[in-house]
Amino acid sequence: MTATLRFEDKIAVLDLGEDENRFSPDWLDSVDQLLDQALSEGAHALVTTATGKFYSNGLDLDWLGANGDKAKWYVQQVQSLFARMLTFPMPTVAAINGHAFGAGAMLGIAHDYRVMRDDRGYYCFPEVDINIPFTEGMAALIQAKLSPASAIVAMTTGRRYGGSDAFAAGLVDFTASVDALTAKAIEMVAPIGPKNAGTLGAIKSTMFASVVTALNTDS
């Protein structure tokens, strides 16, 4: 479950890992450090993707079950990642190579754009079926990116969206074959060019101020 960072020209490509890429505390720390690296090495844009069957299966429920006394702390670490990605001071694209469930789907939503594999994988918020209500911050994040109609279906039915259905619902902006997925994500952001990080970060922080507040204050 090791995340890695590479560069394609000035585009940072963050690979979330090669298994279910669940949000263990160590994984969260690793991703945070790689985001720092992308900034420090002058990336013009960020693409996240993964290797294999999953983009991310979300919360590490095994760790959480064994560390119930740290649940509040853990949820805040997860939501801090969402808030950071939502306001990350460069263009961001999630290249969704496989299943994106729960918090993994929320991480995708926190990017500026999303491109999803067209033949396999599901985009899903299963909270209603696994009896884990959305926090205020998580709900605010999803509702900030989807139309009200799409948010109602996605959040209250646990529907599993394949690539074409995810595109139709506005969950993703494009679909592509698995072999072309990362290239399509890079194609989406390469023409944007470098932006001043302070300015872009401030714009995103203003756009999503209420979402960030909710993510940073949930208990």
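S.K.: Teacher, can you tell me more about the sheet that holds strand S8 (residues 123-124) here?
M.R.: The strands that make up a sheet pair up through hydrogen bonds in the backbone, lying either parallel or antiparallel. One open sheet accounts for four strands, arranged S4-S6-S8-S9; its pairing is mixed. The two strands at the open ends of the sheet, each matched to only one other strand, are strand S4 (54-56) and strand S9 (160-161). Where strand S6 (residues 99-101) and S8 come together, two bridges link them in parallel fashion. Residue pairing in the sheet places Phe101 in a bridge with Cys124 of S8. In the packing of helix H4 (residues 103-110) onto the sheet, the strands contacted are S4, S6 and S8, and the crossing angle to S6 comes to about 95°.

S.K.: Can you walk me through the packing of aromatic side chains in this structure?
M.R.: Geometry of an aromatic ring pair is reported as the spacing of the ring centres plus the angle between the planes. Considering all chains together, one arrives at five aromatic pairs under this definition. For the pair Phe23 and Trp27, a centre-to-centre distance of 4.7 Å together with 10° between the ring planes defines the contact as stacked. Trp27 carries the same exposure label as Phe23, and that label is buried. You can call Phe23 buried: its relative accessible area is 0%.

S.K.: Just checking my understanding: could you explain the layout of surface pockets for this structure?
M.R.: The rolling of a water-molecule-sized probe over the atoms marks out the regions of remaining empty space. There is about 380 Å³ of room inside the largest pocket. As for the largest pocket, its lining consists of 24 residues, and the residues nearest its centre are Leu61, Gly102, Pro126, Ile130 and Ile132. Secondary-structure elements contributing two or more residues to the lining of the largest pocket are helix H2 (61-66), helix H3 (71-86), H4 and helix H5 (127-130). Among the elements that line the lining of the largest pocket, the one with the most residues is H5, at three residues. When the residues that make up the lining of the largest pocket are grouped by side-chain class, the tally is 15 nonpolar, five polar and four charged.

What counts, and where the lines are drawn
Residues numbered from 1 in each chain as written. Predicted model: local features only at pLDDT ≥ 70, side-chain atom pairs only at ≥ 80, totals over all residues. Heavy atoms only, no water. Pairing = 2+ DSSP bridges. Helix = DSSP H or I, 4+ residues; strand = E, 2+ residues; numbered from the N terminus. Contact = heavy atoms within 4.5 Å. Axes fitted to C-alpha atoms, helices over the stretch in contact; angles between N-to-C directions. Phe/Tyr/Trp six-rings, centres within 6.5 Å; stacked < 30°, edge-to-face > 60°. Buried < 20%, exposed > 50% of the residue type's maximum accessible area, 1.4 Å probe, protein only. 1 Å grid on protein atoms, 1.4 Å probe; cavity = no way out; pocket = protein on both sides within 12 Å on 5 of 7 lines; lining within 4 Å. Points joined across faces, edges and corners; volume = space filled by probe spheres on them. Nonpolar A, V, L, I, M, F, W, Y, C, P; charged D, E, K, R; others polar.

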